[in-house]
Amino acid sequence: MTDAVHISSLGVPIPPSASAPAIIEIVHLTRTIDTPSHRVEILRGIDLAIPKGQFAAIMGPSGSGKSTLLGLLAGLDTATSGQVLLDGVDITGLTEDQMAEVRGRKIGFVFQSFQLIPTLTAEENVLLPAELAGVGAENEKRARELLERVGLSERMDHYPVQLSGGEQQRVALARAFVTKPPILLADEPTGNLDGKTGQQVLDLLLELNRVEGTTLVLVTHDPGLAAHADRIITLKDGLVASDVLKAKA
Amino acid sequence: MAMIHSYWTAAKIAWRETRASSGRFAFVILAVAAGVGSLTGVRGFSQAFHTVLQRDARGFMAADMTVRTFQLPDEKQTATMDRLTGLGIRRTQITETLTMASPGPDTAPMLVSVKAVDPEAYPFYGVISLNPPGSLRAVLQPDAVIVSDGVLLRLNKKLGDTVRIGGQPFRLAAEIVNEPDKMTGSLNVGLRIMMSRVGLERTGLIIPGSRASERFLFKLPLTQSIGAVRAELKKVFAEGLIADYTEAHPLIEQGLRQSTTFLSLVSLVALVIGALGVATAIQAHLQQKMDSIAVMKCLGAKSSQILRIYLIQTAGLGFVGGLIGIAVGSLIQMAFPYFLERYFQVANVPRFDPLSAFQGMLVGLLTVLLFTVPPLLGIRKIRPALIFRREMAAPRRTARQWLRDTLEPVISAVVILAFVGLIAAWLSDNAQTGRYFAFAIAAAMVALAIVAWVLLRLLRILGRNLPRASGPVLRQGIANLYRPGNHAGAAVMALGVGVMFTLTIWIVQRGLLKDIIRTAPPGMPNVYLLDITAASKDAVYSLLEKQAGLEGKPEMIGAVSATIQSVDGTPLVREKLQGMARRYARTVTVSTALVEPPFTQILSGAWWEANAHPAEAQVSVGDQAARLLNVHVGSKIVWTTPQRTFQSTVVAVHKSESVRLSARIEFFLTAGALDGLPAIYYGGVRAAPKFVPGIQKSLYETFPTVTVINMAEVLDTIQGIVDQISVVVRFISFFSILAGAVILASSVAGTRFRRIREVVILKTLGASRRRIAEIFSVEFFVIGTVAGLMGGLLAVGFAWAVLNRLLRANAPPDWLALGVAVLGTAVLAVVTGWAASYRTLGQKPLEILRDE
């Protein structure tokens, strides 16, 4: 079912079918948290390489470290040891502001609970990353186009509270793609939606991902959702338990 | 360009944020508006008043220049003034004194202030308007008087009726509608009567030594230099108060400056507390925005960008609050003339002062930004990973983080205090005041914070040890005070400051009046007699002795006006004296005493033998005069009077009970020292209040020129003045309480989400809405009670200290005020708390639980 595993330039295993260069490389990544009462080892040494354009699903039980890994990939959290390279740049040593800049240019986000800013309209939410990157004016048209593509052209002026869960997640999808990021990170994007709406959102996500040529890393509990991925990485107790690359159809 | 762009983007996002939650910021805007409003109002009116004083300076003085003395002019002074008249300078004299006016044989005479003018010349500037209209020259005949507003009512008379003054009948000819120099007069309170100088002569009220003020008004031709005339007058009126229109009125200007500084600082306190409220509100707002901030960081926002957004938002809110404050300030400005109208008739006060508005806005914005910077800097600490790992305990801090977290608030506090001190220094135009203010604010805040912490800590212990039988409402209500993000301490502190401030002023005001009324010791006179001539003193005394209702023996003391020429050979020159000592360079009142007066204590030396009549006079000096003049036993004092100069040796330093008549005299000389000098006698007697009008009437019938003062009337006047002042101060300090309420409301609003969760969980567990409402009410009630108790206790303590130590009054602590404060603050807290959280009660459990 799986092909033999190759080694990347950093010694990180890459499945042989993934011939494209790695856009995400993770080397011996650990994350430990010391609370006043005890020490929690969330990630205990992860090595991974994800090639450009790949759709990788990360699965695993609760507490296996999926969300922490996603957070470290986005530079939202600081690793205890190890490296994360995005497009060849080691982000583990970057300052918070440098990291914010990297996120603004390279990463799009889709969250389980949508995480729209409640005080902004749908259009303003979509435009926000572009505005923060200082390219808001050039992207107004794109924001509207993206909202049309997700079927919300009539609801651009609505506030999140006036939208259904599915609609909110579609706004979040448009927001994630507005700055044309090469990497899209998604944390249980259909987790808060019913089956039918979840499927619609997933279709849209995959469609946008295909059209925009983005590398997608998706964290999920749902095997049905993971089944759409090129590769399924399963974490357990802070380690990679399995890494399965699906054969191309 | 990039910077402008980033500020523009931040402003856009800030606007969107504010637009969607404008209601939530009402408290912030209100807090800023309150502080800026009081500041703008006070300074605006002060500036407007100053402008009016400058604009109408000649009118307010009714002259180009005035000289005020408390004696009739001597020959040298008259000669100088006559010489100036020869140079084309016009002059007119005004005499002001207190006396009795008798409305009729059946009514007790009343104390009135009389102003005698020459209607042919007065006023040089401004217009005196009368009702019914008429010219002063035509109306103010020698047998007529005109009266100020309210006099007819008090005398129970109408125009055309007659009153007797100094035993002479005067027709009530008109009411005074406007009097240009009213506020520069000596006596501008109480019942005021104006008569002509010829009329004054008819009364025989003015004799050498009378307690009267003489004011000379001068009108200069254009060719005359103000400075030269002033210098000329200064040479002969060394003791006189000379003022010219270029400085309006120095005493009023000085008073205005002092009150403006005081009220500005009171306003600054309100503003500081308001800013504390804004800071709490912003912190609460940021707590609610933590997710949004984390999301923005995920989307590529740098901390500095987000900081900019919220800084712009805060500044914008401060600006809007400032604008409303300026509008409120303009209203306050309009209200001030109403407070002062009894004393000053200020017409056409400018309604809006742009400079004060600008100052108010600047101070408001600066203060708000200063206080909100620390919570805003907290944005840096919000980690974007929060979205993923919300429920996990906070990681242990490193030593460096701990040091940074500890030092940051300390540095912030020092910087804030330094800036507040600078603002205070700027407002008061005095660096030292700024330092004191900053120090006082710091000390007060630290003291209040400690008291708040201790009280809340005690409550926590109490809450934990409550018996099961006390029920969940009380336990849960108290436990809620320690909910994360619940700024119970800050709310208690801010409310407490407001309560303390307002209550202190109220207690001091009330205590002072009560003290004046109550502390008069047995035997202390409550009826005073002024201007008794030497010829009539014995007759007055015996008449007084025969009066009904006396509660003690009448006191009578003679006094002569004299000037200290030198002390131990050193001439007493006003310029060389400092502070209070300067008053001894003017005429002082001296008396003779055959024996040591009662209620006197000898501090050093010894009183002379009874009836001693030494060749060189001996003198006993009051302790304060001795200290200020550096006089001791053995010192030589040379005295000057218009009649003669004589030397005296200090043989004793004494102290008199301040409430006694003898305390009015600081220098007692041996018998014979004042022989031949014109003496005026003063009397005092204690009488049952209901007999006082009878005593006044009886004395007036026989001695119409003797002024009889009923202390109750004086107290009425004092009460009126104190009331008006305290209304202004209370009005401004009320803003502090408002700011406290804002802080409470913000802190309640800041914990809204936690409250909603609690409501939902409690409902799911079967709690009724009523039960939940009771829990929250206990929480608000406790905050209010603790704040009221703390502020009230401190107010009672401060007021007691001010009254007993500073004002030397004898006022017991006002426990009733404390009770009212505690109850009032508790009610305010409950109302405010519910105003900020009533919606949480209506939450449906499922919609919240589904979101979890």
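These notes cover the structure that comes with them. Because the structure is predicted, anything quoted here is derived from the model rather than measured.

### Quick look at the pairing of strand 9 (residues 183-187) of chain A
Residue and element names in this part refer to chain A.
- Among the five residues that make up strand 9, five are buried, leaving the element largely enclosed by the rest of the structure.
- Side chains Ile183, Leu185 and Asp187 of strand 9 all project onto a buried face; the interleaved residues Leu184 and Ala186 project onto the opposite face, where all are buried too.
- The sheet contact formed by strand 8 (residues 107-110) and strand 9 spans four bridges and is parallel. Bridge pairing in strand 9 places valine 110 opposite alanine 186.
- The pairing of strand 9 with strand 10 (residues 215-219) spans five bridges and is classified as parallel. In the sheet register, aspartate 187 faces strand 10, and the bridge partner there is valine 219.

### Describing the packing of aromatic side chains
Residue and element names in this part refer to chain B.
- All chains considered together, the criterion is met by seven aromatic pairs over all chains.
- Judged by centre distance (6.5 Å) and plane angle (50°), the rings of phenylalanine 776 and phenylalanine 780 are tilted. In this pair, phenylalanine 776 and phenylalanine 780 are both assigned in helix 22 (residues 769-806), four residues apart and thus about one turn of the helix distant.
- Among the aromatic residues, those joined into a cluster by ring pairs are Tyr584, Trp639 and Phe667.
- Over the ring of tyrosine 125 we find lysine 219; its NZ or CZ atom is 5.3 Å from the centre of that ring.
- Note that arginine 308 overlies the ring of tyrosine 7, its terminal NZ or CZ placed 4.9 Å from the centroid.

### Digging into the interface of chain B and chain A
- The interface is formed by 36 residues belonging to chain B together with 36 residues belonging to chain A.
- Seen at the junction of chain B and chain A, the total is four salt bridges.
- Of the charged contacts in the structure, one is a salt bridge between lysine 12 of chain B and glutamate 131 of chain A, with a shortest N-O distance of 3.3 Å.
- Mapped onto the side of chain B that touches chain A, the elements with two or more residues apiece are helix 1 (2-20), helix 10 (290-298) and helix 11 (303-340) of chain B.
- No other element matches helix 1 of chain B, which puts eight residues into the side of chain B that touches chain A.

### Points about the pairing of strand 1 (residues 65-69) of chain B
All names here are of chain B.
- Counting buried positions along strand 1 gives five out of five residues, so the element sits mostly inside the fold.
- The two faces of strand 1 match: Met65, Val67 and Thr69 on one face and Thr66 and Arg68 on the other face are all buried.
- In this structure, strand 1 lies alongside strand 9 (residues 212-219), joined through five bridges in antiparallel fashion. Bridge pairing in strand 9 places threonine 66 opposite leucine 217.
- Pairing of strand 1 with strand 10 (residues 241-244) involves four bridges; the strand directions are antiparallel. Among the inter-strand pairings, methionine 65 is bridged to a residue of strand 10, identified as aspartate 244.

### Some points on the environment of glycine 65 of chain A
All names here are of chain A.
- Among the secondary structure elements, glycine 65 is positioned in the loop between strand 5 (55-59) and helix 1 (66-73).
- For glycine 65, a relative accessible area of 6% puts it in the buried group.
- Spatially, the C-alpha atom of glycine 65 lies 9.1 Å from that of arginine 31, the residues being 34 residues apart in sequence.
- In contact with glycine 65, other than residues within four places in its own chain, are Ile42, Leu43 and Leu235.

### Considering helix 4 (residues 75-86) of chain B
Residue and element names in this part refer to chain B.
- Compared with the 16 Å implied by 1.5 Å per residue over twelve residues, the 16 Å span of helix 4 between its first and last C-alpha is a close match.
- Looking at helix 4, one finds that the buried residues are Gln77, Thr80, Met81 and Leu84. Each buried residue of helix 4 lies within a common arc of 95° when the element is viewed along its axis, so the set occupies one face. For helix 4, exposure combined with an orientation more than 90 degrees from the buried face picks out Glu75 and Gly86.
- The distance from a side-chain oxygen at the start of helix 4 to the backbone nitrogen of lysine 76 is 3.2 Å, and the residue carrying that oxygen is aspartate 74.

### Comments concerning the packing of helix 5 (residues 165-177) of chain A against helix 6 (residues 195-212) of chain A
Residues and elements named next belong to chain A.
- At a closest axis distance of 10 Å, the pairing of helix 5 and helix 6 adopts a crossing angle of 10°. On the basis of the axis angle, helix 5 is roughly parallel to helix 6. Residues Gly166, Gln169, Arg170, Leu173 and Phe177 of helix 5 form the contact with helix 6, whose own contacting residues are Thr197, Val201, Leu204, Leu205, Leu208, Asn209 and Glu212.
- Taken together, the residues of the contact of helix 5 with helix 6 sort by class into six nonpolar, four polar and two charged.

### Examining the sheet that holds strand 8 of chain A
All names here are of chain A.
- If you walk across this open sheet you meet the six strands as 8-9-10-5-11-12, and the pairing is mixed. Lying at the two open borders of the sheet, with one neighbouring strand each, are strand 8 and strand 12 (239-245). Going from strand to strand, the sheet's axes swing by 15° on average, the running direction of each strand aside.
- Relative to strand 12, strand 11 (residues 231-236) is paired through six bridges, and the arrangement is antiparallel. Within strand 12, the residue paired with isoleucine 232 across the bridge is valine 244.
- Sitting on the sheet, helix 5 is in contact with strand 8 and strand 9, with an inclination near 175° to strand 8.
- Of the strands in this sheet, strand 5, strand 9 and strand 10 touch helix 6, which is tilted by about 155° from strand 10.

The rules behind these values
Residues numbered from 1 in each chain as written. Chains lettered and ligands numbered in written order. Predicted model: local features only at pLDDT ≥ 70, side-chain atom pairs only at ≥ 80, totals over all residues. Heavy atoms only, no water. Buried < 20%, exposed > 50% of the residue type's maximum accessible area, 1.4 Å probe, protein only. Helix = DSSP H or I, 4+ residues; strand = E, 2+ residues; numbered from the N terminus. Pairing = 2+ DSSP bridges. Phe/Tyr/Trp six-rings, centres within 6.5 Å; stacked < 30°, edge-to-face > 60°. Lys NZ or Arg CZ within 6 Å of the ring centre and 35° of its normal. Contact = heavy atoms within 4.5 Å. Salt bridge = Lys/Arg side-chain N within 4 Å of Asp/Glu carboxyl O. Expected span 1.5 Å × (residues − 1). Arc of directions from axis to C-beta. Polar contact = N/O pair within 3.5 Å; in protein donor to acceptor, adjacent residues only side chain to side chain. Axes fitted to C-alpha atoms, helices over the stretch in contact; angles between N-to-C directions. Parallel < 35°, antiparallel > 145°, perpendicular 65-115°, else oblique. Nonpolar A, V, L, I, M, F, W, Y, C, P; charged D, E, K, R; others polar.

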